[in-house]
Amino acid sequence: MSEDTRNPAEQPDVSVAPEGSAAAPEDIAALFAAEKERLEAEVASLKDKFLRAFAEADNVRRRAEREVADAKLYGITGFARDVLTVADDFERALAAIDAEAREKAEGTLKTLLDGIDLTSRALTQTLTKHGVAKIEAEGTKFDPNLHQAMFEVPNAELPSGTVVQVIQPGYTIGGRVLRPALVGVSKGGPKAAPVDTNAPQA
């Protein structure tokens, strides 16, 4: 009989694995445990990176929102400061005419004075609409954050450091000083009560 016609049952079995090559169940379990630990560590690392990235993105978003809000509120600071000189000019124009002369004014002069007064009020309303507020200084205690002292006035009846005269009004924008008030303060009177540093500023 030739080798090609030999019974398959008589063929030698070459598929039997050499002795000791099969992995033991304990080794497979150890491999799975190690792989599980590696994957869990990788998941924990990725989760940590995700949380950090999310927190950073949230911080960037909040910072951007704050910057946009500040830009809306304080973006007109330079313009508002320049417009204040116009408001000052209107006040000086109105103050140049005493109350008696204004009451006696007739015709064109009265119309002119009324027009200046209306324009001044409209300008003040526009400034207020955009967050610009006048600092009410006269009669208050001198505050270096809001006022700039130009001179002292001897006055024994008022506590020292009281604002007795406003030379140029000051303004704030959104709670920040846009321009300090130029003032004269009293001296020689009793000492003023200490300023509460914890009190909110105007």
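Since the model is a prediction, treat every value here as computed from it, not as a measurement.

The rules we used
Residues numbered from 1 in each chain as written. Predicted model: local features only at pLDDT ≥ 70, side-chain atom pairs only at ≥ 80, totals over all residues. Heavy atoms only, no water. Patch = residues over 30% accessible without salt bridge, like charges linked within 9 Å, V, L, I, M, F, W, Y side chains within 5 Å. Areas by Shrake-Rupley, 256 points an atom, 1.4 Å probe, with all protein chains shown as cover. Salt bridge = Lys/Arg side-chain N within 4 Å of Asp/Glu carboxyl O. Helix = DSSP H or I, 4+ residues; strand = E, 2+ residues; numbered from the N terminus. Pairing = 2+ DSSP bridges. Axes fitted to C-alpha atoms, helices over the stretch in contact; angles between N-to-C directions. Buried < 20%, exposed > 50% of the residue type's maximum accessible area, 1.4 Å probe, protein only. Polar contact = N/O pair within 3.5 Å; in protein donor to acceptor, adjacent residues only side chain to side chain. Contact = heavy atoms within 4.5 Å. Lys, Arg positive; Asp, Glu negative; His and termini not counted.

J.: I tried to follow a nonpolar patch on the surface on my own but got confused; where do I start?
T.: On the surface, Phe 50, Leu 51 and Phe 54 cluster together into a nonpolar patch covering about 360 Å² of accessible area. Mapped onto the secondary structure, Phe 54 falls in helix α1 (residues 25-74).

J.: Even after reading the chapter, I still don't get the sheet that holds strand β6 (residues 181-187), so can you show me in this structure?
T.: Pairing between the strands of a sheet is mediated by backbone hydrogen bonds and can be parallel or antiparallel. Ordered by their spatial adjacency, three strands build an open sheet running β2-β6-β3, and the pairing between neighbours is mixed. Strands at the two margins of the open sheet, each flanked by one partner only, are β2 (147-154) and β3 (163-168). Each neighbouring strand pair of the sheet contributes to a mean axis angle of 30°, computed without reference to strand direction. Taken together, the seven bridges between β2 and β6 define a ladder with parallel strand orientation. Considered in β6, the bridge of Pro 154 is made with Lys 187.

J.: Even after reading the chapter, I still don't get the side chain of Thr 77, so can you show me in this structure?
T.: Position of Thr 77 among the secondary structure elements: in helix α2 (residues 77-95). A relative accessible area of 17% means that Thr 77 is categorised as buried. A polar contact of 2.6 Å, which involves the side chain of Thr 77, links it to the backbone oxygen of Tyr 74. Setting aside chain neighbours within four positions, we find Thr 77 in contact with Ile 173 and Leu 178.

J.: For this particular structure, what's the right way to read the pairing of strand β4 (residues 170-173)?
T.: Working note: regular strand, side chains alternate between the two faces of the sheet. Taking every second residue as pointing to the same face, both faces of β4 are buried, with Gly 170 and Thr 172 on one and Tyr 171 and Ile 173 on the other. Of the pairings in the sheet, the one linking strand β1 (residues 132-135) to β4 comprises four bridges and is antiparallel in character. Counterpart to Lys 134 in the pairing with β4 is Tyr 171. One ladder, built from three bridges, connects β4 with strand β5 (residues 176-179); its direction is antiparallel. Residue pairing across strands places Ile 173 opposite Arg 176, the latter belonging to β5.

J.: I would appreciate a short explanation of the side chain of Asp 143 in the present structure.
T.: Looking at the secondary structure, you find Asp 143 in the loop between β1 and β2. Look at Asp 143: it is buried, it has no salt bridge, and the nearest opposite charge is Lys 141 at 8.9 Å.

J.: Can you help me understand the environment of Arg 81 in this one?
T.: Relative to the assigned elements, Arg 81 resides in helix α2. With relative accessibility at 38%, the residue Arg 81 sits in the partly exposed group. Sequence separation between Arg 81 and Val 132 is 51 residues, and the spatial gap between their C-alpha atoms is 9.6 Å. A polar side-chain atom of Arg 81 sits 3.2 Å from the main-chain carbonyl oxygen of Leu 178.

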